[in-house]
Amino acid sequence: MPVPFKSGFVSIVGKPNVGKSTLMNRLMGEQLSIITPKAQTTRHRIMGILNSEDYQIVYSDTPGILEPQYALHSAMMTYVKVSLEDADVILLVVELGEKYDALLFERFTRIQTPILLVINKIDQAKGSQVHDKIEHWKEHLPNVTQIITVSARDGVNTKELLDTVVGMMPEHPAYFPKDEFTDRTERFFASEIVREKIFLNYEQEVPYSTEVSITSFKEEEKIIRIRAEIYVERDSQKGIIIGKAGSALKKLGMDARADMENFFQKKIFLETHVKVADDWRKHQNKLKHFGYLE
Ligand code: GDP
Ligand code: MG
């Protein structure tokens, strides 16, 4: 007898920097979602579609749960909310050192959707820490279906997590064509790669003040020609992005191009331009332009 096909939505949520994007990439086996050591690098919701003979899992990686401070944050929180409403299973990710915070986690005590609590970064554990943390979370979030400890970075226990998720998927035909692995366009990934390199190459507030728009993406037989516009909030930041005699922008372009060639498996010609868009974070209409609000 054939196994019934399973398909469903899995929402990956948690505080910034706990390893949500690393976990989704690990579960997907693809570099879909950008990862950096800085908080709040994931601004959009990103879907990762994992296809197999017997199932299709639709993951969504979300920005971290936080209190809205700027208009951008409110838009980010809308993605988290929508993602929870769609979900068949919630992967609530916490990192090893983290403690229960009523302000952030209270909402999960009232939710009907099954929750897998994932304690990540167990590669950093000392002594009885993993055991103690499991007890801590059991006490504060007694309604979770299961607690699973993993190291997303090293791939410890992530196969077991995947099996558990598959076991919880409802019987349902595939939601998306089986050759699709994301709902995002190639342009989106190109802009995410540039954005990741900005987070890795610049300090302090500059990355948080930056947005990237891909204004041209032309795929030819042997090469993809990409034009990226980098928007900053102030003239001074434009100077920082460009650097002395253009050296910083040159390095940014080289780093981004190397990753794009790996991601698209093709030679890339990347052109970068830096522009000033005053206070884009605070202005809803500019957020719309950059695609944060639908
Ligand atoms: P997100 O903000 O929740 O999406 O977190 P990211 O996936 O971007 O990861 C934030 C940081 O935590 C990055 O520096 C990751 O390399 C790191 N990280 C993620 N998973 C692990 C893990 O299992 N162990 C350790 N030690 N670090 C991890
Ligand atoms: Mg992330």
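Residues numbered from 1 in each chain as written. Chains lettered and ligands numbered in written order. Predicted model: local features only at pLDDT ≥ 70, side-chain atom pairs only at ≥ 80, totals over all residues. Heavy atoms only, no water.

**So, the overall build of the protein chain**
So, step 1. Along the protein chain, the regular secondary structure elements total nine helices and nine strands.
So, step 2. Taken across its 294 residues, the protein chain has 49% of its residues classed as buried.
So, step 3. Taking the intrachain contacts of the protein chain between residues at least 6 apart in sequence as the baseline, contacts between residues at least 24 apart amount to 72%.
So, step 4. Taken as a whole, the protein chain presents about 14400 Å² of accessible surface, with 51% of it coming from carbon and sulfur. (Helix = DSSP H or I, 4+ residues; strand = E, 2+ residues; numbered from the N terminus. Buried < 20%, exposed > 50% of the residue type's maximum accessible area, 1.4 Å probe, protein only. Contact = heavy atoms within 4.5 Å. Areas by Shrake-Rupley, 256 points an atom, 1.4 Å probe, with all protein chains shown as cover.)

**A few points about the sheet that holds strand S8 (residues 223-232)**
Paired through their backbone hydrogen bonds, the strands of a sheet run either parallel or antiparallel.
So, step 1. With mixed pairing, three strands are arranged side by side in an open sheet as S7-S8-S9. A single partner strand is all that each edge strand has here, and the edge strands are strand S7 (211-219) and strand S9 (267-276). With strand direction ignored, the average angle separating the axes of adjacent strands in the sheet is 15°.
So, step 2. Taken together, the 10 bridges between S8 and S9 define a ladder with parallel strand orientation. Looking across to S9, one finds that Glu229 is bridged to His273.
So, step 3. Contacts between helix H6 (residues 186-201) and the sheet are confined to S7 and S8, with S7 contributing the most and set at about 135° to the helix.
So, step 4. The sheet strands contacting helix H7 (residues 235-242) are S8 and S9, and the helix crosses S9 at an angle near 155°. (Pairing = 2+ DSSP bridges. Axes fitted to C-alpha atoms, helices over the stretch in contact; angles between N-to-C directions.)

**Focus on the packing of aromatic side chains**
So, step 1. Following the criterion strictly, the structure yields nine aromatic pairs and no others.
So, step 2. A centroid spacing of 5.3 Å and a plane angle of 70° characterise the contact between Phe105 and Trp137, whose relative ring orientation is edge-to-face. Here Trp137 lies in helix H4 (residues 129-140) and Phe105 lies in helix H3 (residues 102-105), a separation of 32 residues in the sequence. There is no split in this pair, since Phe105 and Trp137 are both buried.
So, step 3. Between Phe217 and Phe264, the ring centres sit 5.6 Å apart and the planes meet at 70°, which makes this aromatic pair edge-to-face. (Phe/Tyr/Trp six-rings, centres within 6.5 Å; stacked < 30°, edge-to-face > 60°.)

**Details of the packing of helix H1 (residues 20-28) against helix H5 (residues 158-168)**
So, step 1. Remark: H1 packs on H5, axes separated minimally by 10 Å, with the N-to-C direction vectors making an angle of 80°. As judged from the angle between their axes, H1 and H5 are roughly perpendicular. Of H5, the residues touching H1 (which contributes Leu23, Arg26 and Leu27) are Thr158, Leu161 and Leu162.
So, step 2. Among the residues forming the contact of H1 with H5, the class breakdown is four nonpolar, one polar and one charged. (Parallel < 35°, antiparallel > 145°, perpendicular 65-115°, else oblique. Nonpolar A, V, L, I, M, F, W, Y, C, P; charged D, E, K, R; others polar.)

**Considerations on the pairing of strand S3 (residues 55-61)**
So, step 1. In terms of residue burial, S3 counts as a mostly covered element, since seven of its seven residues are buried.
So, step 2. As paired elements, strand S1 (residues 6-14) and S3 share seven bridges and run parallel to each other. Bridged to Lys6 within S3 is Tyr55.
So, step 3. Inspection of the sheet shows strand S2 (residues 46-51) paired to S3 by six bridges, in the antiparallel sense. When the bridges of S3 are listed, Ile49 appears paired with Val58.

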